[in-house]
Amino acid sequence: MKFTSAVHEFWCAIQEPDKKGREAARKWETVSQEARESLARLEGRLSNPAFRFFTTSSFHDGFVESIKVVDRKTQSTRGNTRWWRLPTSVEILIRHPDTSAPWTLTYKKVAHLALETLASDPHDADRGFFEWGYDRLSTDKQGMIRHEILFSSGTSLELSFEQLTL
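Participant: Can you tell me about the overall build of the protein chain, naming the residues and giving the values?
Facilitator: For the protein chain, the helix and strand inventory stands at 3 helices and 10 strands. Put simply, the protein chain runs from its N terminus to its C terminus through helices and strands in the order α-α-α-β-β-β-β-β-β-β-β-β-β. Residue burial in the protein chain is summarised as follows: out of 166 residues, 39% are buried. Nonlocal contacts in the protein chain, meaning residues at least 24 apart in sequence, comprise 53% of its contacts between residues at least 6 apart. When the accessible area of the protein chain is evaluated, it comes to approximately 10300 Å², of which 49% is carbon and sulfur surface.

Set out below in structure tokens:
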């Protein structure tokens, strides 16, 4: 099961005051501990401000104002008209209700980008992401950094990349 799907199931189950909810809360602690351990292994691979932020703070309850995928080319500066492709980057602008300033996450050298909604009918697709719920930074099978983000609507965003700045 995908990480974000499992977290969404826990998240929904935790809201229930029954035995299932209590069991989900215990599993949630395990998932949270695994996420902290994954993040600790990324020290030195994330920019210092990004690592410090994710180890001490959270975007929880913030909302995405925009997501921008940048795939551009540049001209050689050596006088000839040769074009070079620059690696794809992704910029996410986030606003958090506790601060007035926006935060910009910039992912560089993006190799994988996936956005999945749980909308079962076209009207649900109008709901948007809602609040930033939970995220996890880890490595993927190819050794790239992976950021998985789950929003309160059930929408998930997953990126694999080489650099993250904040």
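Participant: How would you sum up the environment of Asp140? Please name residues and give values.
Facilitator: Position of Asp140 among the secondary structure elements: in the loop between strand 7 (132-139) and strand 8 (145-151). Of the residues examined, Asp140 reaches a relative accessible area of 12% and is grouped as buried. With 20 residues separating them along the chain, Asp140 and Ser160 place their C-alpha atoms 7.2 Å apart. Looking at Asp140, its side chain comes within polar contact range of the main-chain nitrogen of Gln142, at 2.9 Å. Here the side chain of Asp140 touches Ser160 through a polar contact of 3.1 Å, side chain to side chain.

Participant: Mind laying out helix 3 (residues 48-56), listing which residues take part and the relevant values?
Facilitator: Every α-helical turn comprises 3.6 residues, leaving residues that sit three or four positions apart pointing alike. All of the buried residues in helix 3 are Ala50, Phe51, Phe53 and Phe54. All buried residues of helix 3 lie within an arc of 165° about the axis, which places them on one face of the element. Along helix 3, exposed side chains directed more than 90 degrees from the buried face belong to Asn48, Arg52 and Thr56. Contact partners of the buried residues in helix 3: helix 2 (19-40), strand 5 (103-108), strand 7, strand 8 and strand 10 (163-165).

Participant: So, the pattern of salt bridges: which residues are in play, and what are the values?
Facilitator: It is possible for side chains bearing opposite charge to pair when their charged atoms get close. Summed over the entire model, instances satisfying the criterion amount to 5 salt bridges. Glu23 serves as the salt-bridge partner of Lys27, at 3.4 Å between the closest nitrogen and oxygen. With a gap of 4 residues between them, Lys27 and Glu23 both fall in helix 2, about one helical turn apart. By relative accessible area, which is 36% here, Glu23 ends up partly exposed. Across the salt bridge formed by Lys109 and Glu162, the nearest N and O atoms sit 3.8 Å from each other. With Lys109 in the loop between strand 5 and strand 6 (112-116) and Glu162 in the loop between strand 9 (156-161) and strand 10, the pair connects residues that are 53 residues apart, well separated along the chain.

Participant: Can you tell me about a nonpolar patch on the surface, naming the residues and giving the values?
Facilitator: Residues Ile67, Val69 and Leu113 make up a contiguous nonpolar surface patch of about 230 Å² in total accessible area. Residue Leu113 is classed as partly exposed on the basis of its relative accessible area of 38%.

Participant: Give a detailed account of the sheet that holds strand 9, specifying residues and quantitative values.
Facilitator: Pairing within the open sheet is antiparallel, and its 4 strands lie in the order 6-9-8-7. If you trace the sheet from one side to the other, it starts and ends with strand 6 and strand 7, each paired once. Each strand of the sheet is rotated relative to its neighbour by a mean of 10°, with strand direction disregarded. Summarising the sheet, strand 8 and strand 9 pair through 6 bridges and their orientation is antiparallel. When the sheet's bridge partners are listed, Ile149 is paired in strand 9 with Leu157.

Participant: Please give an account of unusual backbone geometry that cites residues and values.
Facilitator: For Asp61, which is not glycine, the phi dihedral falls at a positive 75°. Mapped onto the fold, Asp61 is located in the loop between helix 3 and strand 1 (63-70). By relative accessible area, Asp61 is classed as partly exposed at 39%. One non-glycine residue, Lys109, adopts positive backbone phi at about 55°.

The rules behind these values
Here, residues in each chain are numbered from 1, in the same order as that chain's written sequence. Selection of residues for local features in this predicted model requires a pLDDT of at least 70, selection of side-chain atom pairs for listing and counting requires 80 or more, and totals for whole chains, interfaces and linings are taken over all residues. Just so you know, side-chain values use all the structure's heavy atoms and leave hydrogens and water out. The helix count covers DSSP runs of H or I at least four residues long, the strand count covers runs of E at least two residues long, and both are numbered beginning at the N terminus. Each residue is placed in one exposure class: buried if its accessible area under a 1.4 Å probe, protein chains only, is under 20% of its type's maximum, exposed if it is over 50%, and partly exposed if it falls in between. Contacts were defined at the residue level, with two residues in contact if any of their heavy atoms lie within 4.5 Å. Per-residue and other accessible areas follow the Shrake-Rupley method at a 1.4 Å probe size, with only the shown protein chains counted as cover for residues. Each polar contact in these results corresponds to two N or O atoms within 3.5 Å; when the atoms are within protein, one needs to be able to donate a hydrogen and the other to accept it, and residues that are neighboring in sequence are counted only if both atoms are side-chain atoms. The arc refers to the directions leading from the helix axis to the C-beta atoms. Salt-bridge detection follows one rule: a side-chain nitrogen of Lys or Arg within 4 Å of a carboxyl oxygen of Asp or Glu. The residues that make up patches have over 30% relative accessible area and no salt bridge, and they are joined within 9 Å when like-charged or within 5 Å when they are Val, Leu, Ile, Met, Phe, Trp or Tyr. For two strands to pair, DSSP has to find at least two bridges joining them. To obtain each axis, a line is fitted to C-alpha atoms, and for helices this fit is confined to the stretch in contact; angles are then taken between N-to-C directions over 0 to 180 degrees.

Without other data, these values stay purely geometric and don't point to any function.
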